[in-house]
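Each chain is listed here by its residues.
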Amino acid sequence: MEVSKRLQAVTESQTLVMTKMARELAATGVSVINLSIGEPDFGTPQFINDAAKQAIDDGWSHYPPVPGYPELRKAISEKFKTQNNLDYAPEQIIVSGGAKHSITNVIFSVINEGDEVIIPAPFWVSYPEMVKLAGGVPVFLNSSIDTDYCFDIDDLKTAITPNTKMMLFSSPCNPSGTVYSEPFLRQIAEVLDKHEDILVISDEIYEHIQYGDKHTSIGSLGLLKDRVVTVNGLSKGFAMTGWRIGYIGAPLWLAKAVDKLQGQFTSGTNSIAQRAAITAISGSLDETYKMRDVFHKRRQLVYDGLSEIEGIKPNLPRGAFYVFPDISSFFGKSYNGKTINNSTDLCLYLLEDAHVSLVGGDSFGNPECVRISYAASEADLKKALENIKTSLNKLQ
Ligand SMILES: Cc1ncc(COP(=O)(O)O)c(C=O)c1O
């Protein structure tokens, strides 16, 4: 007996692998600073917790409607309109078990064997794996730190073939923190507008964690009519990773398809989390902005710290809570008989020597870099930067 060929072709999530290794090392008594994690280190705001407790007491214990409670779909539809200038009627909203599930649903609803999906690199680790699992073929657009990880629009034009079915990206981006500007999004939309069979998935899960820019949704630009799926959720902006609430606004035909798929797979999303989500989505963003401001301060701390380490070329992210510095100058260097050949080698070295856990950029489609999450306390970040500096200085 063996697992399916499709699953065999899927790579395990490197962020989870590094987190697991960090936990294992910590279990041996070593004090490890885990900067490989992709979740806010804050608790969920109290008013949302209270709404969940109330939902339990009010007896929301039965199967929810498969696409989500009507009040929640209405609240999301209004959020899209007022915050993002997007027109999705409540019937076009589907609530799922996290944005990860939302994206998987869409991919599985439209991708046939051999369909190509354009994904700008660096990308969130799960995108290509989801596409492969659905029988699709990921097609990458490369970029580097020198253009703040924005790809060349001409590369997008040449990547499009008769088999292209979809383009999928996140802005703000995990892992780079890059925010696509409105002019850049418009350039992307103008190219894709000419290809009416291509669907766009715009992953906006880090919408509320941005430093200075006003968030722009590609679906609000007046192009790509009925071809943009906007993905969002509560994990990052509301510190609700464990609640597993994600959602999409989609063309009606696709929302119906996802409803059908979800009806066979999950019977809808956890009822209590959904009831609390109504409060979160319709409530004030004050708590969200407080968390964003803390992330903003930490971003500067990490950027300044990295800038002082010889050999590291840091980027200044405009959103999310990751820095994605270029560390390729260490390739070929060694310490204690161990040579660093790639970004994963560097992460393993730093885990062992600096007791800091990071994730290699190779798993995000950019092998020159490492991802550092600053969803950690200032004290931990300072200590981690010190340790990283000491360890990197040992490499010859
Ligand atoms: C870009 C991006 N999209 C989606 C997700 C998944 O979010 P959720 O917790 O809602 O499934 C993540 C989580 O790390 C992410 O970084």
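So, how was this worked out
- Residues numbered from 1 in each chain as written.
- Predicted model: local features only at pLDDT ≥ 70, side-chain atom pairs only at ≥ 80, totals over all residues.
- Heavy atoms only, no water.
- Near = heavy atom within 4 Å.
- Polar contact = N/O pair within 3.5 Å; in protein donor to acceptor, adjacent residues only side chain to side chain.
- Nonpolar A, V, L, I, M, F, W, Y, C, P; charged D, E, K, R; others polar.
- Domains from an automatic or database assignment.
- Contact = heavy atoms within 4.5 Å.
- Buried area = accessible area lost by both parts, 1.4 Å probe.
- Salt bridge = Lys/Arg side-chain N within 4 Å of Asp/Glu carboxyl O.
- Helix = DSSP H or I, 4+ residues; strand = E, 2+ residues; numbered from the N terminus.
- Expected span 1.5 Å × (residues − 1).
- Buried < 20%, exposed > 50% of the residue type's maximum accessible area, 1.4 Å probe, protein only.
- Core = buried A, V, L, I, M, F, W, Y, C linked by side-chain atoms within 4.5 Å.
- Phe/Tyr/Trp six-rings, centres within 6.5 Å; stacked < 30°, edge-to-face > 60°.
- Lys NZ or Arg CZ within 6 Å of the ring centre and 35° of its normal.
- Pairing = 2+ DSSP bridges.
- Arc of directions from axis to C-beta.
- Axes fitted to C-alpha atoms, helices over the stretch in contact; angles between N-to-C directions.

(A) Just the site of the ligand, in detail. Looking at the ligand, there are 13 residues lining it, with A99, N174, D203, S235 and K236 nearest. Separating an oxygen atom of the ligand from a side-chain N or O atom of Y206 is a distance of 2.7 Å. Partitioned by chemical class, the residues of the shell around the ligand number five nonpolar, four polar and four charged.

(B) Structural detail: the domain arrangement of the protein chain. Domain parsing of the protein chain yields domain 1 (5–43 + 287–394) and domain 2 (62–284). Taking only C-alpha atoms, the centre of domain 1 and the centre of domain 2 are 26 Å apart. Taken together, the 39 residues of domain 1 in the interface contact 35 residues of domain 2. Counting each side, the surface lost to burial between domain 1 and domain 2 is near 3100 Å², with a carbon and sulfur contribution of 56%. For domain 1, the biggest contributors to the area lost against domain 2 are R6, R318 and F364; these three give 22% of the whole. The interface formed by domain 1 and domain 2 contains two salt bridges. In this structure, K313 engages D146 in a salt bridge whose closest nitrogen and oxygen atoms are separated by 3.0 Å.

(C) Expanded view of helix α11 (residues 286–307). The terminal C-alpha atoms of α11, which comprises 22 residues, lie 32 Å apart, in line with the 32 Å expected from a rise of 1.5 Å per residue. Every buried residue of α11 is listed here: T288, M291, F295, R298, R299, L301, V302, G305 and L306. On its buried face, α11 is in contact with β9 (322–323), β14 (370–373) and α13 (378–394).

(D) Fine view of the nonpolar core. Counting residues in each nonpolar core, the largest one holds 75 residues, and the members touching the most others are L35, V106, I107, M166, L346, L358 and L392. If you count residues domain by domain, this core takes at least three from each of domain 1 (5–43 + 287–394) and domain 2 (62–284). In this structure, L358 is in contact with M18, L35, S36, C347, L350, V370, R371, I372 and I388, ignoring residues within four places of it in sequence. Formed by 50 residues, the second largest nonpolar core is a distinct cluster that contains A52, A55, Y88 and I272.

(E) Here's a closer look at the packing of aromatic side chains. For the structure on display, the rule yields 18 aromatic pairs. Between the aromatic rings of F324 and F364, the centroid separation amounts to 6.0 Å while the plane-to-plane angle is 85°, which identifies the pairing as edge-to-face. Note that F324 is positioned in the loop between β9 and β10 (334–335) and F364 in the loop between β13 (359–360) and β14, a separation of 40 residues in sequence. With respect to class, F324 is no different from F364; both count as buried. One cation-aromatic arrangement involves R275 over W60; the distance from NZ or CZ to the ring centre is 3.5 Å.

(F) Representation of the pairing of strand β7 (residues 228–233) in the model. Judged by how many residues are buried, β7 sits mostly within the fold: six of six residues are covered. The side-chain alternation of β7 yields two buried faces, one formed by V228, T230 and N232 and the other by V229, V231 and G233. Bridging between strand β6 (residues 199–203) and β7 involves four bridges; their strand directions are parallel. Note that in β7 the partner of S202 across the bridge is T230.

(G) Structural detail: helix α9 (residues 252–265). Its 14 residues place the ends of α9 20 Å apart at the C-alpha level, agreeing with the 20 Å of an ideal helix rising 1.5 Å per residue. All of the buried residues along α9 are L254, A255, V258, L261 and Q262. Along the axis of α9, the buried residues cluster in a sector spanning 125°; they form a single face. Opposite the buried face of α9, at more than 90 degrees from it, the exposed residues are W253, K256, K260 and Q264. Of the surrounding secondary structure, the elements contacted by the buried residues of α9 are β2 (93–96), α5 (99–110), β6, β7 and β8 (246–249). The positive-phi residue at the C-terminal boundary of α9 is S267, with phi of around 60°.

(H) View of the environment of I209. Note on placement: I209 falls in the loop between β6 and β7. Between the C-alpha atoms of I209 and S176, which are 33 residues apart in sequence, the distance is 13 Å. Not counting residues up to four positions away in its chain, the partners in contact with I209 are P172, K236, G237, R292, F295, G319, A320 and F321.

(I) Expanded view of the environment of L351. Tracing the backbone shows L351 in helix α12 (residues 343–353). Residues L351 and I388 lie 37 residues apart in sequence; the distance between their C-alpha atoms is 9.4 Å. Setting aside residues no more than four positions away along its own chain, L351 makes contact with M18, M21, A22, L25, V32, V356 and S357.

(J) View of the sheet that holds strand β5 (residues 164–170). The strand order across the open sheet formed by seven strands is β2-β8-β7-β6-β5-β3-β4, and the pairing between neighbours is mixed. Of all the strands in the sheet, just β2 and β4 (137–141) have a single pairing partner and so form its edges. Put simply, the sheet's adjacent strands are angled 20° from each other on average, direction ignored. Along the sheet, α5 makes contact with β2, β5, β6, β7 and β8, crossing β5 at roughly 170°.

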